[in-house]
Amino acid sequence: MKRNFAVLLLIVMALGVSPSSVWAQHGNEEEEIPTDEKLFGKILRSGSFEFHLRSFYMSTVNQGDLMDYSTWGTGAGLGYFSPRWKGFGLGFSGFFVFRHFENNIQELDPMTGMGNRYELLLYDVRHPDNNKDMDRLEEFYLSYQNHEVSIWGGRHHFESPLLNASDNRMRPNLFSGLSVDYTPGRFRFNGAWFTHVISRGTLEWVPVEESFGTFDIGRNPLQVSESYRHHTESKGIGVFGAQYEAKQLKLESWNYLSEGVFGLSFLQGTGAANLKSGHSLVWGVQTFAQTAIGDGGNPDPEKAYMLPDERTFGLGLQAGLKWPHALLTVNYLGISDSGRFLFPREWGREKFFVSLQRERFEGLGGVNSWMIQYDHTFIHDKLKVSTGVSHTKNPNINNVLLNKYGIPDYYHFSGLIDYRFSGFFKGLDLQLLVVAKKEDTDQKIPMEYVINRVNMVNTSLILDYRF
């Protein structure tokens, strides 16, 4: 019903018809429409439309005789965003995806019995064989904004270090609920409560508790066949953030509450110091602490997302040199071996200093990771080249208490070329991303812990056009 309503309203506005006239056609046709309603319709007609086209090719080449994957899909979307009237505004958007071709992404690897990890998230992981009806209603909100306060109610985007869009596939994560942003001077405060989520790689809005386990659930730390998928109990996600920003200093504090499951606090400070040479020294510190709340999502520990007494903490560091159009950084992340860092992959991508695309640290404890990254922009900053190399030491793959997905020690390389067009093709963005991972261990690794994890190359070619 909500989708039909949004589509109807979208068509009406695209045709330049006042919504008030449509309401009249479905009610008393003899009733005269007051003048102020016509003015309201004129205000709505002066809103803006956003058209979005996205084409995505992805392939994964695995070691030896392990299965390889590839696919190409294209999607298009349309959104309407009204002008503000006395601070109020509304918006909604939808998107559909078409799968041009695929290679093996619905098949299980015959050697390991494992399924596809990366390519399927371009489409519909809940219904892998669905390639005809891949459309979804995304934004649908009412908002209020003045010079210091903005309030968003309904389905909308939200960005933070852990809960975010994670939009490196065809479609991003979005969240449904209420969020408030208050910006007095150099400070900024964020508060939110979300009850529903639509994750990248899915087409359906679901309650927060049903979002747990949409993607790979990994291994149960109690070494039983039960899992938290469809068994986690939570009423929603709460977020509170506080930020302070000066000329060369930014401090952030974020607190996340998964009701009945876990609480997590994340702190970050970043800054820069100018040198006489015209360069700048950059630095950063990150830290987080996480603990289970109550029973970790289910009274039965075998079905809980987090063990009732599980807790962990981590530390991230960054140091680097910045000069015009370039940035070089050395980054570190350590996670304690007292427990696993757990934050549902369905809710966002962690923004640690060491994070590189196509791998995460969720599900791991007892980790030490180092990363060097170099970014350079050319052609008046229209062309960006970014490279990163990291080495991550994980607990033994047989340690299910600290290694949820059985990830061995590995080297990680990421190379990105991103060109943003101007002039006649303004709004067009072309990206080439190549990621390679190689295991680094003397231990003999079963092939089910190799495929789509290490000894692989993943390539993405993305065309994105907004107008």
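Remember, it's a predicted structure, so these values are computed and weren't measured experimentally.

Definitions and cut-offs
Residues numbered from 1 in each chain as written. Predicted model: local features only at pLDDT ≥ 70, side-chain atom pairs only at ≥ 80, totals over all residues. Heavy atoms only, no water. Helix = DSSP H or I, 4+ residues; strand = E, 2+ residues; numbered from the N terminus. Rg over C-alpha atoms; globule rule 2.2 N^0.38 Å. Buried < 20%, exposed > 50% of the residue type's maximum accessible area, 1.4 Å probe, protein only. Contact = heavy atoms within 4.5 Å. Areas by Shrake-Rupley, 256 points an atom, 1.4 Å probe, with all protein chains shown as cover. Lys, Arg positive; Asp, Glu negative; His and termini not counted. Charge placed at Lys NZ, Arg CZ, Asp CG, Glu CD. Salt bridge = Lys/Arg side-chain N within 4 Å of Asp/Glu carboxyl O. Phe/Tyr/Trp six-rings, centres within 6.5 Å; stacked < 30°, edge-to-face > 60°. Pairing = 2+ DSSP bridges. Polar contact = N/O pair within 3.5 Å; in protein donor to acceptor, adjacent residues only side chain to side chain. Patch = residues over 30% accessible without salt bridge, like charges linked within 9 Å, V, L, I, M, F, W, Y side chains within 5 Å. Core = buried A, V, L, I, M, F, W, Y, C linked by side-chain atoms within 4.5 Å.

### What to know about the overall build of the protein chain
Point 1. A tally of regular secondary structure across the protein chain gives 4 helices and 19 strands.
Point 2. For 467 residues, the compact-globule estimate of 2.2 N^0.38 gives 23 Å, and the protein chain sits close to it at 24 Å.
Point 3. Principal axes of the C-alpha set define a box for the protein chain whose edges measure 80 × 60 × 45 Å.
Point 4. Of all 467 residues assigned to the protein chain, the portion counted as buried reaches 49%.
Point 5. Long-range contacts, defined here as pairs at least 24 residues apart, represent 63% of the contacts in the protein chain between residues at least 6 apart.
Point 6. Counting every atom, the protein chain has about 22,100 Å² of accessible surface; 59% of that belongs to carbon and sulfur.
Point 7. Distance from the positive charge centre (45 side chains) to the negative charge centre (52 side chains) of the protein chain: 6 Å.

### Some points on the pattern of salt bridges
Point 1. All told, the structure shown has 16 salt bridges when counted by the stated rule.
Point 2. In this structure, the salt-bridge partner of Arg136 is Glu138, at a minimum N-O distance of 2.8 Å. In this pair, the class of Arg136 matches that of Glu138, namely buried.
Point 3. Linking Asp418 and Arg420 is a salt bridge whose minimum nitrogen-to-oxygen distance equals 3.9 Å.
Point 4. A relative accessible area of 7% means that Asp418 is categorised as buried.
Point 5. Three or more residues joined by partner-sharing salt bridges are found here, namely Glu50, Arg54, Asp464 and Arg466.

### Notes on the packing of aromatic side chains
Point 1. Applying the stated rule across the entire model yields 30 aromatic pairs.
Point 2. Ring geometry for Phe158 versus Phe194: centroids 5.4 Å apart, planes at 70 degrees, classification edge-to-face. Separated by 36 residues along the polypeptide, Phe158 in the loop between strand E5 (149-156) and strand E6 (174-182) and Phe194 in strand E7 (residues 187-198) bring together distant segments of the chain. Across the pair, Phe194 and Phe158 agree in class, each one buried.

### Section: the pairing of strand E13 (residues 311-323)
Point 1. In the sheet, strand E12 (residues 280-292) pairs with E13 via 12 bridges, with the strands oriented antiparallel. Its bridge partner being in E13, Phe288 is matched across the sheet by Gly314.
Point 2. Examined bridge by bridge, E13 and strand E14 (residues 326-335) share 10 bridges and lie antiparallel to one another. What sits directly across from Gly316, in E14, is Leu333.
Point 3. Adjacent in sequence and paired antiparallel, E13 and E14 are bridged by 2 residues, among which His325 carries a positive phi angle near 70 degrees.

### Examining the pairing of strand E1 (residues 48-61)
Point 1. Judged from the 13 bridges that link them, E1 and strand E2 (residues 69-81) form a sheet pairing that is antiparallel. Looking at E2, one finds that Tyr57 is bridged to Trp72.
Point 2. Of the strand pairs in this sheet, E1 and strand E19 (residues 456-466) are connected by 10 bridges, and their pairing is antiparallel. By the bridge assignment for E19, Ser59 is matched with Thr459.

### Section: the environment of Glu252
Point 1. Within the secondary structure layout, Glu252 lies in strand E10 (residues 249-258).
Point 2. Residue class for Glu252 comes out buried when judged on its relative accessible area of 12%.
Point 3. As a C-alpha pair, Glu252 and Phe189 span 63 residues in sequence and 9.8 Å in three-dimensional space.
Point 4. Sequence-distant contacts of Glu252, that is, excluding residues within four places in its chain, are made with Pro161, Ala242, Gln243, Phe266, Leu267 and Gln268.
Point 5. Looking at Glu252, its side chain comes within polar contact range of the side chain of Trp254, at 3.0 Å.

### Focus on the environment of Leu327
Point 1. In this structure, Leu327 sits in strand E14.
Point 2. If near-sequence neighbours (up to four positions away) are discounted, Leu327 is found in contact with Val282, Leu321, Lys322, Gln373, Tyr374 and Asp375.

### Observations concerning a nonpolar patch on the surface
Point 1. Where nonpolar side chains cluster on the molecular surface, the patch consists of Leu53, Tyr57, Trp72, Phe101, Ile417, Leu430, Leu432, Leu461 and Leu463 and spans about 700 Å² of accessible area.
Point 2. Elements that contribute at least two residues to the nonpolar patch include exactly E1, strand E18 (428-439) and E19.
Point 3. On the secondary structure map, Ile417 appears in strand E17 (residues 410-420).
Point 4. Classification of Ile417 as partly exposed rests on a relative accessible area of 43%.

### Quick notes on unusual backbone geometry
Point 1. Although it is not a glycine, His325 sits at a positive phi angle of roughly 70 degrees.
Point 2. Residues other than glycine seldom take positive phi values, yet Arg358 does so here, at roughly 80 degrees.

### Let's talk about the nonpolar core
Nonpolar side chains tend toward joint burial in soluble globular proteins.
Point 1. Within the largest apolar cluster, 37 residues are counted, with the highest numbers of intra-cluster contacts made by Leu163, Tyr256, Leu264, Phe343 and Trp347.
Point 2. Aside from chain neighbours lying at most four places away, what touches Leu163 is Phe158, Phe175, Phe194, Ile237, Val239, Tyr256, Phe343 and Trp347.
Point 3. Of all hydrophobic cores here, the second largest spans 29 residues; its members include Val125, Leu203, Val454 and Met456.

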